[in-house]
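Tertiary structure, described
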Amino acid sequence: MLFRMAIQYPYLPEGREIKYVSEDNVFMRAARDYALAHSLDNFQKTGSVVVQRERVIGRGANGSLYHKEYGCERVRQHIPTGDRYDLCEGCHPKNHSEPKALADARTRGETTHGADLYLYGHWWCCKPCWDAMIDAGIRNVYLLEGSEKLFNTKR
């Protein structure tokens, strides 16, 4: 029996859990490939895919062009990840991969209720992203196995 140590996420809504898949999972690979091809964040590239009935219905990658021109106020103030998104337009949750993938699905006329979301490049989801996923009816959130070590910038 495989024992998994409890991960202390910076945020996790009550009654929700994060599930994990291996790097060879087809949807995790799709999220990774989208992140690497489309993320505008050179520090931590993340990508999300929304999956409904074994089909990708939405894709999103993090970042915006704001940081290239103006930098990041959160970085200048040494604000930890997940905190004070209000300080920087480039860090606003609208620029996170999860809401972008949900918006992409809606733009395509897809329903996200009961869908799953696969997130590559991060080890947890912030409150605004969880709120967006819950509002959209996302059933499960999947991260890459070992993401708490691979993508935790505090480690």
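All values reported here derive from a predicted model rather than from experimental measurement.

**Focus: the overall build of the protein chain**
- Along its length, the protein chain carries six helices and five strands.
- For the protein chain, the succession of helices and strands along the chain, N to C, is β-α-β-β-α-α-α-β-α-β-α.
- Relative to the 2.2 N^0.38 estimate, which gives 15 Å for 155 residues, the radius of gyration of the protein chain is 15 Å and therefore close to what a compact globule would have.
- Long-range contacts, defined as pairs at least 24 residues apart, comprise 65% of the intrachain contacts of the protein chain with a sequence gap of at least 6.
- For the protein chain, the exposed area adds up to about 9,000 Å²; of that, 50% sits on carbon and sulfur atoms.

**A closer look at the layout of surface pockets**
- There is about 690 Å³ of room inside the largest pocket.
- Taken together, 33 residues make up the lining of the largest pocket; nearest its centre are Asp41, Phe43, Gln44, Arg74 and Cys91.
- Of all the secondary-structure elements, those providing two or more residues to the lining of the largest pocket are helix 2 (66-70), helix 3 (73-76) and helix 4 (97-107).
- Of the residues assigned to the lining of the largest pocket, the class counts are 13 nonpolar, 15 polar and five charged.

**Here we look at the side chain of Gln44**
- Mapped onto the elements, Gln44 comes out in the loop between helix 1 (26-38) and strand 2 (47-52).
- With relative accessibility at 15%, the residue Gln44 sits in the buried group.
- Within the structure, Gln44 has its side chain in polar contact with the backbone oxygen of Phe151 (distance 3.0 Å).
- Each residue touching Gln44, except ones within four places of it in the same chain, is listed here: Asn62, Gly121, His122, Phe151 and Thr153.

**Section: helix 5 (residues 127-135)**
- Buried residues of helix 5: Cys129, Trp130 and Met133, and no others. For helix 5, the angular spread of buried residues about the axis comes to 100°, placing them on one side.
- Tucked into the core, helix 5 has its buried residues touching strand 1 (18-21), helix 4, strand 4 (116-120) and strand 5 (140-144).
- Directly after helix 5, the chain includes Gly137, whose backbone phi takes a positive value near 85°.

**Points about the sheet that holds strand 5**
- Spatially, five strands are ordered 1-5-4-2-3 in an open sheet, and the strand pairing comes out mixed. Unpaired on one side and paired on the other, strand 1 and strand 3 (55-61) mark the two borders of the sheet. Averaged over all neighbouring strand pairs, the angle between strand axes comes to 25°, with direction disregarded.
- Sheet topology places strand 2 next to strand 3; six bridges connect them, and they run antiparallel. Directly across from Gln52, in strand 3, lies its bridge partner Arg55.

**Overview of the packing of aromatic side chains**
- Under the defined criterion, the tally for this structure stands at six aromatic pairs.
- A ring pair is formed by Phe27 and Tyr118, whose centres lie 5.4 Å apart and whose planes are at 45°; its orientation type is tilted. With Phe27 in helix 1 and Tyr118 in strand 4, this residue pair connects regions lying 91 residues apart in the sequence. Summarising the burial analysis for this pair, Phe27 and Tyr118 share the class buried.
- Pairing Tyr120 with Phe151 gives two aromatic rings, centres 5.2 Å apart and planes at 75°, and the pair type is edge-to-face.

Thresholds applied
- Residues numbered from 1 in each chain as written.
- Predicted model: local features only at pLDDT ≥ 70, side-chain atom pairs only at ≥ 80, totals over all residues.
- Heavy atoms only, no water.
- Helix = DSSP H or I, 4+ residues; strand = E, 2+ residues; numbered from the N terminus.
- Rg over C-alpha atoms; globule rule 2.2 N^0.38 Å.
- Contact = heavy atoms within 4.5 Å.
- Areas by Shrake-Rupley, 256 points an atom, 1.4 Å probe, with all protein chains shown as cover.
- 1 Å grid on protein atoms, 1.4 Å probe; cavity = no way out; pocket = protein on both sides within 12 Å on 5 of 7 lines; lining within 4 Å.
- Points joined across faces, edges and corners; volume = space filled by probe spheres on them.
- Nonpolar A, V, L, I, M, F, W, Y, C, P; charged D, E, K, R; others polar.
- Buried < 20%, exposed > 50% of the residue type's maximum accessible area, 1.4 Å probe, protein only.
- Polar contact = N/O pair within 3.5 Å; in protein donor to acceptor, adjacent residues only side chain to side chain.
- Arc of directions from axis to C-beta.
- Pairing = 2+ DSSP bridges.
- Axes fitted to C-alpha atoms, helices over the stretch in contact; angles between N-to-C directions.
- Phe/Tyr/Trp six-rings, centres within 6.5 Å; stacked < 30°, edge-to-face > 60°.

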